[in-house]
Each structure stands twice: as C-alpha cells, then as structure tokens.
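Tertiary structure, described
Here's the letter readout for the chains.
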Amino acid sequence: MAASKKVASRLENEIEKYRAECNWEKLKEIVSQKKTKTQGIEVLSHLVNGEYRLEEYLLRHPPTTINPKTAAPDLEEARSHLNQVVKAGVKNSCYKDALLLLAKLHFALGEIEETSKLLEKVKLDEICQQDLPCTKMKLVAEGYAIKGMVMELQLTSEEEGKRDKATEDNIIAMYEKAGDLAMYYLQEADKIRYGSGTVMTISSTGAHTSHLAGPVLETAVQRAPLLHIQQGNLNKGINRFRQILKAVEVRTTQNIRTTIARELAEVLLRGVCQQAYTQPSLENRDEKPDVHQRRSSSLGGSLSSLRTSSSKGSLKPKMYTTDSRPSHCPAEFLFVPKTVDEEALLLLLLSEVQVNRDVVFNRTAEHASGREHSYLHATAVYDLLAIALSRRAQYNLLSEALDRTMKFSFQELHMWQQFGLALLSAGKYTRALLVFQECLRLDPDDTTILMHAAKVCLQHLHKMDEGIIFAQRLVDLNPDNTFLLSRGYLMLGLGYGMKSTEAALHQERKENQKEALQFFKLATSSDPEDFLLHFHTALQLALSRQIPEALQSVHKALTLNPDHAPSYHLLALLLSAQKHYSEALSTIQVACKEFPQDFGLQFTKVVVEEVCKGPEEALMTCKQLLEMWKENHDSVIPSVENPGGTDPDRVASEKRSIVQMGLSEYIDRTDAGSVHNSVAASKVEQALSEVASSSSYLIKSGSPHLNRIQGQIWLMTAELFLSLNKPEDAKNCVNEAALMTPLSHRLLYVRGLIQESLGNYTEARACYDSALAINPSHIKSLQNLGKLHMELGNLEMAERVLRSAVNKDPTAHKAWLTLGKVLEAQGEFKNASNCLMTGLELEATSPILPFTTIPRIIT
C-alpha cells in the first residue's frame, strides 16, 4: 500500500511538471501507461486525457474567431474525460480544473452561453485569493481571458445605444487580470522548465516556448491596451503596453514581449504626435523584482515545489524598476526616451534582435509553416523600422538593418525591394542597382522597380545604355497607369538626350537628339498635365538650339507648376539666348525672391547682372551670397556636426535646401561639354581634396558640400574683380576659395585667368593644363588655352586644342570663332570662313550660361 502511494505521488509530480511545461507528448505517453490506473490517480488521468486532446486540437485550430463548429472526435473524447472528472465531485482537487477546461472547449465550439455558465460556476475571483499551482494559474488566466472574450462578443451584438461603459471597463479588467496572470505564469513556468541546471540558449528555446501561453493568453495580453485605445484612452493603452514590457523577461515571455514591443511601436508611429507624447515613467511598482530572475533561469536552480511563493492577492508579474539597475549606475544615467520617435525606434531595434534570433533558416518542406510565420513577423518589424528611420532621414542605418535580412529573404521580393529603396535613399546607387536587378529577376514585370532601376542608371550612375534598356522594358509592358507610361517615355528621352551630349560624331549626336525629342513628345501626349515632361522637353529643345519651341514648352511647365525653380532658371537662360537680358534679369530676380535659398539661381543672377548692370552690381550680389552661405552654415553645422546640437539624430540631408541638393550637379556641369566627364572630374576633385586635407593644405572644417558652395562664390567674385581689372583682389578671392576646394578645376582655371591678365603666359598655360588634367571637358579652359597658344604663335597646338573643344561641345561659339581665326592665320580660308559662320550662328542663340548648368533631375 505504501509503495502504491509512493508511485502515485511520483506520477502526480511528473504529470504536474509536464502540464506546467505544456509537454503534451510526454503526457500522452504517461496516461497511456497502466500505472495511471493506480488508485488515487484515476481522476487526474481523466483530466490529463481530456486536457492534452483539447490543447492539441487548439494548437491546430486556435479559437481566435468564434463560429459554431462541429465537435471533432478529439474534442468528443476530451469532453468525455473531463465530464468524468466533474462527476467525481466538488471535493476532487481536479474539479475546477475540469470546469475551466470544459469552458475552453465550449468556447472553441462557439457555445457562448454554456461557456458563461461554466465560468460563473468556477468563481474565478475566489480562486485568485488562494495560492495556485502553476498549471491552475494558467487555467485561471485563460478563464479570465475567455470571460472577457465572451463579454466582448455579447457587447458587440448589442445595439450601439444600449452599450454600457461599465461593461466595457469590466471587459478591459478581465483582459488585464488575464494578462497579469499570464505573465506571472510564464515567469513561474520558466523556473520549472529551466530550473534543473541545464543551460539553454535563447535561440534554442525560442521555438519551443511559444506554445506555453497559447493563442487565448496571447490574445488577452494584447487585447487590453488595444481596447483602451479604441475607447479613446490613448495614454492608458500605451501605459498598459509599457507595463507589460516592464515585466521581468524570461525565455518563455520573449515572443509575447516581441509582439507587444512591435504593436506599441506601431501605435506610437501611427497615432501619437510629439505634442501629445508622454515619456515613460521610472516609478517603482508594487514590489521589487527579482533582479537575478533571468540569470537564475539560465543557470538553473533547485525548485523543490511546483507552487508559487506569492502571497494572497499578489499574483502580479515581477517587474523591472529603477532598483534593478547595476549598483554602479545612478538612476539619472538610465536611458529614458524623450520623443515618440526615440521610444518607437528603441522598441523596434529590440524587436529586430529577437526576430533575427527566431527566424527559421531551414528550407525543407516540414519547416515551411514556421519559416513563413517568422518571415511575416520579421517583415512587420522591418516595415515599421523603415517608417521610423525614414522620418529621421537615417537611410544608412536603415540600409544596414535591411542588409541583415538578406540571410532569410531568399526569393522574397518585398524585402529585396525595401532594401533597394533604402540603398537608393542612402546614396548607395551602385549596390541599389544590383538589388533592383535581383528584384527584376524575381518579378520581371514589376513596373515600379523598372522605373527605379532606370532612374538610378540615368540620374546617378550615368549608365545611359542600361537606363534605356530598363525604360524600354517599362514602356513595352504598356502599364495601365499613365504616370508610369509617361515616366517610361521621359526616361527614354533623357537617356537619348544624355547620349547626344556624350556623342563624339555630329551625325550620331543629331540622331540621339531626334530620338530624345520624339520620346518627350510621346511622354507629353501620354500625360499632358505633367509639368516635368514639358520642362524636360524644353531643356532638350534648348540643348538642340530650338529656342522658340523651348520657350513654349517651358511656359507650359510653369503654367502647370508655378513653383518649379528649374523651370524659372531655364526660362531666364532662354531669354538670355534671345538677347533679352532685361527680361532674363526680371525673371531671375522673381525666381530668387521665390526661392531665396537656391544658390543655382543666385549664381545665374550674378552673371545676368554683370551683363545688364555691370560688375559692381554683381559684386554686391556676391556679398549677399556670402551672407546667405553663412546663414546656411550656421543652421546646418551645429545640428549635424556638433554633438551638443538641438537634434543630433537628424542628418544633413533633412536640413538641406533645394539648391544644396542640386548644386553639386550645377557646379559639375558648368562649362562642361560631357556629363560623364564632369561627373568623373567631380570624383577626381573629391579624391584630390581628401589627399590635400591629409597633407600640407589647410582646409576649413565644416560640411564639404557647404565648403564647395563657398568656394564657388569666391571664384565668381574673383572673375568679377578681373573684369574690373583688379587682379590682386581676384588673387585674394582665389586664395580664400583654395581653403575650401584646394584642387578644383575651376580654381585652377581662374588662376590661369589671373596669370594671363598679368602677362604671365607660361604660368597661365600651366594652370589651364592642370585644370584640364582634372576635367578634360572644361570648355572654358580649352578655349582660353587655345587662344593662348594662338597668341604665342603655336597655331598647330591651338588648332588641336580648339578642335577638341568644339568636339566636346559643338555649341561653344567662342571656340568656333577662335578656331576660325587660327585657321585664317594658317591660310585655310575656306575652313576658317565655315568656322566663323558657325560661331556667329551659335552666338546668336547662345545663353548667358550653358544650358547644361540645369541638371536633368527626375522627381
């Protein structure tokens, strides 16, 4: 008899252990043994038989939506076993467990009324006043959760006017009780499961702990804060989310915490503005937490009992507080988010760590369901991370985060596309193109990706042939969206227009210009209300020297969008090409008032004022430009480079003006006949400047981009002083510019002008040669070098240099005129006459600045 009691006690403890771990396979093995027929354990055997059948059914069919269902054979057997326990009487210790399991069974079948009767019979509040074993704690928590779901279903079925706020508050209270009990149960279950001294890593346990809570408790934990938010109590909902996250983390709660963190981050990003945001509180809660909870759960510990040590009425999860910090860390050094973006980003970064640990890499068929679930969870986190980081313009961080997803994103188009867009926004164009090519391999007919790939090739990488191929594929798909179709034609036009600029042969250049205009015409016919199409048409017509037609197109662009700065810029240049300098000045002045931070417009204004009003007036504008530059420098540098700035997380790209985003192209293209060579020259200058900054040159600190702008202003000022015959003042300006951009081709060109004005032709020629070594397509350097050779009597060298200039830019009228004079001096009168006639014809339609100063930007 004593041996029988000992076996029964041992089996009872073993069963309770596996019930706490939700190890249904082990329970199935135990109850199938004959030993469970031992007297005193038969009732527990019936309970376990019913429980594991019910739980296995619910794992396959979670009771998330309530629809009347037909009882499956497993549920019928489970009902039969549980009814046997109920028949054993109230005095039986398993009686209320059986009632709670029966309530869950009826709820799974959609039998709401029967569920309510059973829950009333159990009297959950009375049970909570007692010390509960871990297994019963879970059942009670599920009882509260199911009671809340039943009340919510009954409230939903009522009419809107009959709803009682007290009932709604009671529902939330049920969910909150269920959530607290669920988190406490998981903390205690962690002690039981990992308290034997076995060290287990997070990655090895994450997949096995997710079923401990089950779908009912997971719903209860998440539902309470969402109901607060639905009632309009946003702060209460957010505080409930935070309270759940303050619970001491153990391995069994990691999946729930990850979900809660992601949902809170979504609420913060979508529903909270900075003015309404309340930062988390550091106030301590009911009791001090066991700060060694996680360490003991990892390293093990002896648990002689399966019962919790909580006192009556204190079935609350252990919480983190300020007292749980390390002793050497003062409370004021704890990080507390001060903005809604900070808290959302912190939550998402923590969630990212967890989803990367839990992701399923196994590609076999049996892991397909787990792999899909983990991927969808990761996708939700990374999509929110993209929103949070994009708001801060932190595209480099975003691209690095998405780069980590590539290890589990095989054949997943969405994640690849997000990665490509992040790289594009971060300015990593070469890699962005590679990612877009992979996206097109996954979906060759994705019109959006084709458009992005074409844009990267044409606007950033200057790969005209590849861009044309992508754009042609986009057009061939003939998308229903007229915007995409017109953009396809637009990029085809831009591609052929850029090829015409790069072409070395006259016939090839003409053919490419014709193709470009044809595609621009198709684009405008597809979407005649798109101002950008008319603008690019006007720009291409201007480059082809069809000035009247270009004026008509640019007027259409301004009619459709009066706030487009490049259209005003182009209009001023077109008016100057017709020698209407007063109208050009009026236009550029209006544009500068409308866009006061646009340095590109301001530079053009300086040149127009020099022609209309003289160099002195233009010098005053340069002085204003320096003051404007100082304002930009003072507003950008403290927030970007000074750690003590008001907002150190925001990057410079978020504070740049419209001109700062396009001025680099303006500077690179000025007086350059080849887009490709001007971009190459810019890279050479950047590399040389980096070398200079690490050697003997003294470069002022600050943003390199802002330094280039100031250097450009000083160089324009130097040219104005030269026109006033003040070479010493011009030399001082060049010295100032050298502090900003020490090895710029324009800097060397202006030095050549100064030396030439002083009669130092050898030094001037060396300066022009150095400028051309950096940028072989700098037309002004070629023109002046050719003219200098002519004056020195080196006619053959002058002819060679000037022919190179007109080959690179056939619209350079000064080069044609000088070449005509060189040929005349050589006795080639017929060729000289042709060159002079060409130069005069081009001079009649030449703008005050080259049309290439306006970049081809696709928005």
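Residues numbered from 1 in each chain as written. Predicted model: local features only at pLDDT ≥ 70, side-chain atom pairs only at ≥ 80, totals over all residues. Heavy atoms only, no water.

As recorded in an unreviewed UniProt entry, the chain goes by the name Tetratricopeptide repeat protein 7B, listed as coming from Holothuria leucospilota. Per its UniProt entry, the chain bears the Sequence similarities (unreviewed entry) comment "Belongs to the YPP1 family." Recorded in UniProt under Function (unreviewed entry), the annotation for the chain is "Involved in endocytosis." (UniProt positions renumbered as here; feature names shortened; annotations may be inferred.)

Another point: helix α36 (residues 779-791). In this model α36 runs 18 Å from its N-terminal to its C-terminal C-alpha over 13 residues, within 8% of the 18 Å that 1.5 Å per residue would give. Within α36 the residues assigned to the buried category are I779, S781, L782, Q783, N784, L785, G786, L788 and H789. Structurally, α36 contributes buried residues whose contacts are with α34 (745-757), α35 (761-774), α37 (795-808) and α38 (813-825). G793 lies just past α36 and shows a positive phi near 90°. (Helix = DSSP H or I, 4+ residues; strand = E, 2+ residues; numbered from the N terminus. Expected span 1.5 Å × (residues − 1). Buried < 20%, exposed > 50% of the residue type's maximum accessible area, 1.4 Å probe, protein only. Contact = heavy atoms within 4.5 Å.)

This next bit is on the packing of aromatic side chains. The tally for this structure, following the rule as stated, stands at five aromatic pairs. Centre to centre, the rings of Y568 and F595 are 6.3 Å apart; their planes meet at 55°, and the pair counts as tilted. Of this pair, Y568 sits in helix α26 (residues 565-577) while F595 is found in the loop between α27 (581-594) and α28 (599-612), placing the two residues 27 residues apart along the sequence. On the accessibility criterion, F595 (14% relative accessible area) is buried. The interplanar angle of 40° and the centroid separation of 6.1 Å between the aromatic rings of Y749 and Y768 together place this pair among those described as tilted. You can see Y749 sitting in helix α34 and its partner Y768 sitting in helix α35, a full 19 residues away along the chain. Since its relative accessible area comes to 0%, Y768 is described here as buried. (Phe/Tyr/Trp six-rings, centres within 6.5 Å; stacked < 30°, edge-to-face > 60°.)

Turning our attention to helix α5 (residues 95-108). Given a rise of 1.5 Å per residue, 14 residues ought to cover 20 Å, and the 20 Å separating the end C-alpha atoms of α5 matches this to within 8%. After α5 finishes, the residue G110 shows a positive phi value of roughly 80°.

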